[in-house]
Amino acid sequence: MTRGENDPIRVGVLGAHGQMGTQVVKAVTAAPDLTVAAAIDSDGALSELTDAGAEVVVDFTRPNVVMDNLRFATEHGIHAVVGTTGFTEERLDTLREWLRPHPELGVLIAPNFALGAVLAMRFAVQAARYYESVEIVELHHNRKADAPSGTAAHTAALIGQARREAGLKPGADATTSELDGARGALVEDVRVHSVRLPGLVAHEEILFGAPGETLTVRHDSLDRVSFMPGVLVGVREVLRRPGLTVGLENVLDL
Ligand SMILES: NC(=O)C1=CN([C@@H]2O[C@H](COP(=O)(O)OP(=O)(O)OC[C@H]3O[C@@H](n4cnc5c(N)ncnc54)[C@H](OP(=O)(O)O)[C@@H]3O)[C@@H](O)[C@H]2O)C=CC1
Ligand SMILES: O=C(O)C1=N[C@H](C(=O)O)C[C@H](O)C1
């Protein structure tokens, strides 16, 4: 299906009945240059995407199904904007392989589509080279399936890289006895603590410490509408960015 110059971009939403998918359907519907071509949940079939001529798919499903969705999208020439978590280096390599025969296709994977979260990560990377010690606390709603959050894992990876480049070693502490899990999970030498509570949406604190001072960078998504501007930018941009892009920071002009 070819789109005319003034026709809206045809978007397929996967996970359309979920907490994020519901918001994505609303946001795409409200955008004059986009239209919802297909809204598919776990009871739907991926063939609805091709039947409806979707050009871009937005995926907010589950880590255990997202790769099958992306294989279908790449095989059928559909660009993808992905918020679903669970992307390891191995998964990213597999995706690059799938994209190799389709050099015109773009896939954007963003651990977090909220502008403030992207900025918080940027500020944390800036601070990382100056502080001996850093820990991350991420706090989410209790329906979240994965821990730590994709955002915290991505933040830890970026901080780890910045610290290595600055020649910093993980800061020492005096803990010699602990209950399993009491000091969090180690991601790239950064300790990450996960809190799950009803009432929360998505929150992250990056805490830095040095003798005599601490610095805290905190971001709060208080409503899932916070992710929508980033998702819509992603949908528009992925059409002109072939290959795999990881992180909204690479799309926004920050
Ligand atoms: N990058 C970002 O900015 C953000 C990322 N996320 C991530 O997005 C993902 C979804 O989050 P959230 O909306 O809260 O989760 P939900 O559980 O509310 O929604 C997921 C939806 O996907 C559906 N689903 C499951 N399998 C399939 C499939 N094969 N095809 C189509 N739909 C399917 C589920 O249906 P059913 O219930 O029937 O299984 C459910 O309706 C998570 O990985 C989360 O971490 C969340 C917020 C922001
Ligand atoms: O499941 C969520 O809600 C969220 N998931 C993403 C993550 O794991 O980082 C993004 C945001 O934190 C909300």
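Residues numbered from 1 in each chain as written. Chains lettered and ligands numbered in written order. Predicted model: local features only at pLDDT ≥ 70, side-chain atom pairs only at ≥ 80, totals over all residues. Heavy atoms only, no water.

Novice: What exactly am I supposed to notice about the pattern of salt bridges here?
Specialist: A side chain of one charge can pair with a side chain of the opposite charge when the charged atoms of the two come close. If you walk through the whole model with that rule in mind, you get 13 salt bridges. Between Asp 146 and Lys 144 there is a salt bridge; the shortest N-O distance is 2.8 Å. In this structure, Asp 146 and Lys 144 share a single accessibility class: buried. Within the structure, one salt-bridge network assembled from shared partners comprises Glu 135, Asp 173 and Arg 183. (Salt bridge = Lys/Arg side-chain N within 4 Å of Asp/Glu carboxyl O. Buried < 20%, exposed > 50% of the residue type's maximum accessible area, 1.4 Å probe, protein only.)

Novice: It is not clear to me how the site of ligand 1 should be interpreted in this structure. Could you clarify?
Specialist: Gln 19, Ser 42, Arg 62, Thr 85 and Phe 113 are the nearest of the 21 residues found near ligand 1. One of the side-chain nitrogen or oxygen atoms of Thr 85 is found 2.8 Å away from an oxygen atom of ligand 1. In this structure, an oxygen atom belonging to ligand 1 sits 2.9 Å away from a side-chain N or O atom of Lys 144. Isolated, ligand 1 exposes 920 Å² of accessible area, and the fraction of that covered by the protein chains is 80%. Of the residues belonging to the shell around ligand 1, the class tally is eight nonpolar, 10 polar and three charged. (Near = heavy atom within 4 Å. Polar contact = N/O pair within 3.5 Å; in protein donor to acceptor, adjacent residues only side chain to side chain. Areas by Shrake-Rupley, 256 points an atom, 1.4 Å probe, with all protein chains shown as cover. Nonpolar A, V, L, I, M, F, W, Y, C, P; charged D, E, K, R; others polar.)

Novice: Is there a simple way to think about the nonpolar core in this case?
Specialist: One recurring pattern in soluble globular proteins: nonpolar side chains tend to sit buried together. Val 11, Val 24, Leu 34, Val 58, Val 81, Phe 113 and Val 235 are the most contacted members of the largest nonpolar core, which has 30 residues in total. Residue assignment for this core shows that the elements contributing at least two residues are strand E1 (9–14), helix H1 (19–30), strand E3 (56–59), helix H5 (115–128) and helix H7 (228–238). A per-element tally of this core places H7 first, with five residues. Aside from chain neighbours lying at most four places away, what touches Val 235 is Ile 9, Val 11, Leu 34, Val 56, Val 58 and Val 81. Core analysis: the next-biggest nonpolar cluster, separate from the first, contains 22 residues, Val 57, Val 66, Leu 70 and Leu 92 among them. (Core = buried A, V, L, I, M, F, W, Y, C linked by side-chain atoms within 4.5 Å. Helix = DSSP H or I, 4+ residues; strand = E, 2+ residues; numbered from the N terminus. Contact = heavy atoms within 4.5 Å.)

Novice: I keep staring at the sheet that holds strand E4 (residues 79–82) and nothing clicks. Help me out?
Specialist: Pairing between the strands of a sheet comes from backbone hydrogen bonds, and it takes one of two forms, parallel or antiparallel. Strand order across the open sheet formed by six strands is E2-E1-E3-E4-E5-E11, with parallel pairing between neighbours. Each edge of the sheet is formed by a strand with only one pairing partner; in this case those strands are strand E2 (34–40) and strand E11 (243–246). Along the sheet, successive strands turn relative to each other by an average axial angle of 20°, direction set aside. Note that E3 and E4 share four bridges and pair parallel. Bridge pairing links Val 56 to His 79 in E4. (Pairing = 2+ DSSP bridges. Axes fitted to C-alpha atoms, helices over the stretch in contact; angles between N-to-C directions.)

Novice: Would you mind going over the domain arrangement of the protein chain with me for this structure?
Specialist: Domains assigned within the protein chain are domain 1 (9–109 + 225–250) and domain 2 (115–222). Here the C-alpha centre of domain 2 lies 27 Å away from the C-alpha centre of domain 1. Facing seven residues of domain 1, the contacting portion of domain 2 comprises 11 residues. For the domain 1 face of the interface with domain 2, the top three residues by lost area are Gln 19, Thr 85 and Glu 249, together amounting to 58%. Put simply, domain 1 and domain 2 have zero salt bridges between them. Considering only residue class, the side of domain 1 that touches domain 2 consists of three nonpolar, three polar and one charged. (Domains from an automatic or database assignment. Buried area = accessible area lost by both parts, 1.4 Å probe.)

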